[in-house]
Amino acid sequence: MTTTAPHPRPTKTPDAGHPARGPRLPVRVLPLTPAIVLLLLFLAGPIAYCVYIAFTDLQLTGQAQKSFVGFDNFTRAFGDEAFLNAVWLTLVFTVLSSLIGQNTLGLALAALMQRASKPVRTLTGGIVVTAWVLPEVVAGFLLYAFFRREGTLNAILDWLHLPSQNWLFTLPILAVSFANVWRGTAFSMLVYSAALNEIPKEITEAAEVDGAGGWRRMWHITLPMIRRSIGTNLMLNTLQTLSVFGLIWVMTRGGPGGRSQTLPLFMYEQAFQNSLIGYGTAVALLLLLVGSLFSLIYLRLLRTEV
């Protein structure tokens, strides 16, 4: 009687096309190490320190040592009428100058330049982009000279025999909103110009043959096809507008009477003029929270497929 030896089970060998990931992981991470160290050192580190400072009563002067105060700075902020006024003015400034002003005007300029001649496109683009590349302080002085009581705007109104006024005193938040629109529209125009160039001409020509007018083509064809560009532009413009400081500081310094004092100016006043570093840092974290909420809304909209 003969016995048959059992066949040995084949041993699993690593697939040549899919090498083991374990030993390769450190090798892949190694080139990223300098970037990770720099991010931790210059980004995550300062942010973590600011979070810590926001929960203390740190001051620039008149204090021997700081102490941990918990949520007192945040509670103080929501009970401070000046802070609530700054929140409201920040929302007004953002909606007027970013969501409505820069976004709408940038889209309108991009759409008009699609049909304009090359000299007109070159001249318009050069003027708009020049305002964008100007330093914020220079742009602030130019708009201050435009809106001041003896400025260019009132000179034009006097020439037209129309009533003039001190715009920086009567309507300061509208003046600084217009200034931000004037300075930042170029970015929206460039984004929308690139997006409109990506729309196939066959689609718009077919809609035009079917009798669709300009507004119907814009509403039913153009806007849906550039939806992701609109979301990206709104997110970037909103974050940039929330952090505007120099433009408003040069024009009004948040006045008169705090009627143009947005959160960045309020934070600066508390931290460096009133020497309340802990309180000012808490306000900065709340501003960061507002920006994060806007970003989450836009990112959720961008997830939707066009």
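For the structure itself, consult the block above.
Summarised in this report is the structure supplied together with it. Fair warning: this is a prediction, and the values are worked out from it, not measured in the lab.

**A closer look at the overall build of the chain**
Within the chain, the secondary structure is distributed over 15 helices and zero strands. In terms of C-alpha radius of gyration, the chain reaches 28 Å, well past the compact-globule figure of 19 Å for 306 residues. If you line up the chain on its principal axes, its C-alpha atoms span 125 × 75 × 30 Å. When contacts within the chain are restricted to residue pairs at least 6 apart in sequence, long-range pairs at least 24 apart make up 70% of them. Entry remark: accessible area of the chain is about 19,300 Å², with carbon and sulfur atoms responsible for 68%. One way to put it: in the chain the 22 positive side-chain charges average out to a point 9 Å from where the 15 negative ones average out.

**With respect to the pattern of salt bridges**
A pair can form between side chains of opposite charge whenever their charged atoms are brought close. For the structure shown, the criterion picks out one salt bridge. Linking Arg 148 and Glu 150 is a salt bridge whose minimum nitrogen-to-oxygen distance equals 3.6 Å. According to the relative accessible area criterion, Arg 148 is partly exposed, its value standing at 31%.

**Quick look at the packing of helix α4 (residues 81–115) against helix α15 (residues 277–303)**
Close contact between α4 and α15 brings their axes to 13 Å; oriented N to C, the two are set at 35°. With respect to the hand of their crossing, α4 and α15 are arranged in right-handed fashion. Packed against α4, whose contacting residues are Phe 83, Leu 91 and Leu 99, the element α15 presents Tyr 279, Val 283, Leu 286, Phe 294 and Tyr 298 at the interface. When its residues are assigned to classes, the contact of α4 with α15 shows eight nonpolar, no polar and no charged.

**Re the nonpolar core**
By size, the foremost hydrophobic cluster in this structure holds 28 residues, and its most contacted members are Phe 74, Phe 83, Ile 226 and Tyr 279. Ranked by residue count, the leading element in this core is α15, at eight residues. Beyond its immediate stretch of four places on either side in the chain, Phe 74 contacts Ala 54, Phe 55, Ala 282, Leu 285 and Leu 286.

**Side note on the layout of surface pockets**
Its volume calculated, the largest pocket comes out at about 880 Å³. In terms of lining residues, the largest pocket is bounded by 24 residues, among which Ala 111, Arg 115, Leu 196, Met 218 and Thr 222 are the most central. The set of elements that each furnish at least two residues to the lining of the largest pocket consists of α4, α9 (172–197), α10 (201–209) and α11 (214–225). Top contributing element to the lining of the largest pocket by residue count: α4, with eight residues. Across the lining of the largest pocket, the residue classes tally to twelve nonpolar, seven polar and five charged.

**Brief notes about a nonpolar patch on the surface**
Together, Val 95, Leu 96, Ile 100, Leu 171 and Leu 174 line one region of the surface with nonpolar side chains, adding up to about 370 Å² of accessible area. Of all the elements, α4 adds the most residues to the nonpolar patch, at three residues. Mapped onto the secondary structure, Ile 100 falls in helix α4. What makes Ile 100 partly exposed here is its relative accessible area of 45%.

**Here's the deal with the side chain of Thr 252**
In this fold, Thr 252 is placed in the loop between α13 (246–251) and α14 (263–273). When residues no more than four places from it in sequence are discounted, the contact partners of Thr 252 are Leu 168, Pro 172, Val 176 and Ser 260.

**A short note on the packing of α4 against α9**
The interhelical angle for the contact between α4 and α9, taken along N-to-C directions, is 40°, at an axis separation of 6 Å. Between α4 and α9, the crossing angle belongs to the class labelled oblique. Handedness of the crossing formed by α4 with α9: right-handed. Class assignment for the residues of the contact of α4 with α9 results in 17 nonpolar, 13 polar and no charged.

**Examining the packing of aromatic side chains**
Applying the stated criterion to the full structure yields 17 aromatic pairs. Seen from their ring centres, Phe 55 and Phe 71 are 5.2 Å apart, and the 85° between their planes marks the pair as edge-to-face. Taken together, the residues Phe 55 in the loop between α2 (33–54) and α3 (72–78) and Phe 71 in the loop between α2 and α3 connect sequence positions 16 residues apart. Residues Phe 147 and Phe 178 carry aromatic rings whose centres are separated by 5.6 Å and whose planes lie at 85° to one another, so their mutual orientation is edge-to-face. With Phe 147 in helix α6 (residues 136–147) and Phe 178 in helix α9, this residue pair connects regions lying 31 residues apart in the sequence. According to the relative accessible area criterion, Phe 147 is buried, its value standing at 6%.

What counts, and at which threshold
- Residues numbered from 1 in each chain as written.
- Predicted model: local features only at pLDDT ≥ 70, side-chain atom pairs only at ≥ 80, totals over all residues.
- Heavy atoms only, no water.
- Helix = DSSP H or I, 4+ residues; strand = E, 2+ residues; numbered from the N terminus.
- Rg over C-alpha atoms; globule rule 2.2 N^0.38 Å.
- Contact = heavy atoms within 4.5 Å.
- Areas by Shrake-Rupley, 256 points an atom, 1.4 Å probe, with all protein chains shown as cover.
- Lys, Arg positive; Asp, Glu negative; His and termini not counted.
- Charge placed at Lys NZ, Arg CZ, Asp CG, Glu CD.
- Salt bridge = Lys/Arg side-chain N within 4 Å of Asp/Glu carboxyl O.
- Buried < 20%, exposed > 50% of the residue type's maximum accessible area, 1.4 Å probe, protein only.
- Axes fitted to C-alpha atoms, helices over the stretch in contact; angles between N-to-C directions.
- Left-handed = near helix turned anticlockwise from the far one by under 90°.
- Nonpolar A, V, L, I, M, F, W, Y, C, P; charged D, E, K, R; others polar.
- Core = buried A, V, L, I, M, F, W, Y, C linked by side-chain atoms within 4.5 Å.
- 1 Å grid on protein atoms, 1.4 Å probe; cavity = no way out; pocket = protein on both sides within 12 Å on 5 of 7 lines; lining within 4 Å.
- Points joined across faces, edges and corners; volume = space filled by probe spheres on them.
- Patch = residues over 30% accessible without salt bridge, like charges linked within 9 Å, V, L, I, M, F, W, Y side chains within 5 Å.
- Parallel < 35°, antiparallel > 145°, perpendicular 65-115°, else oblique.
- Phe/Tyr/Trp six-rings, centres within 6.5 Å; stacked < 30°, edge-to-face > 60°.

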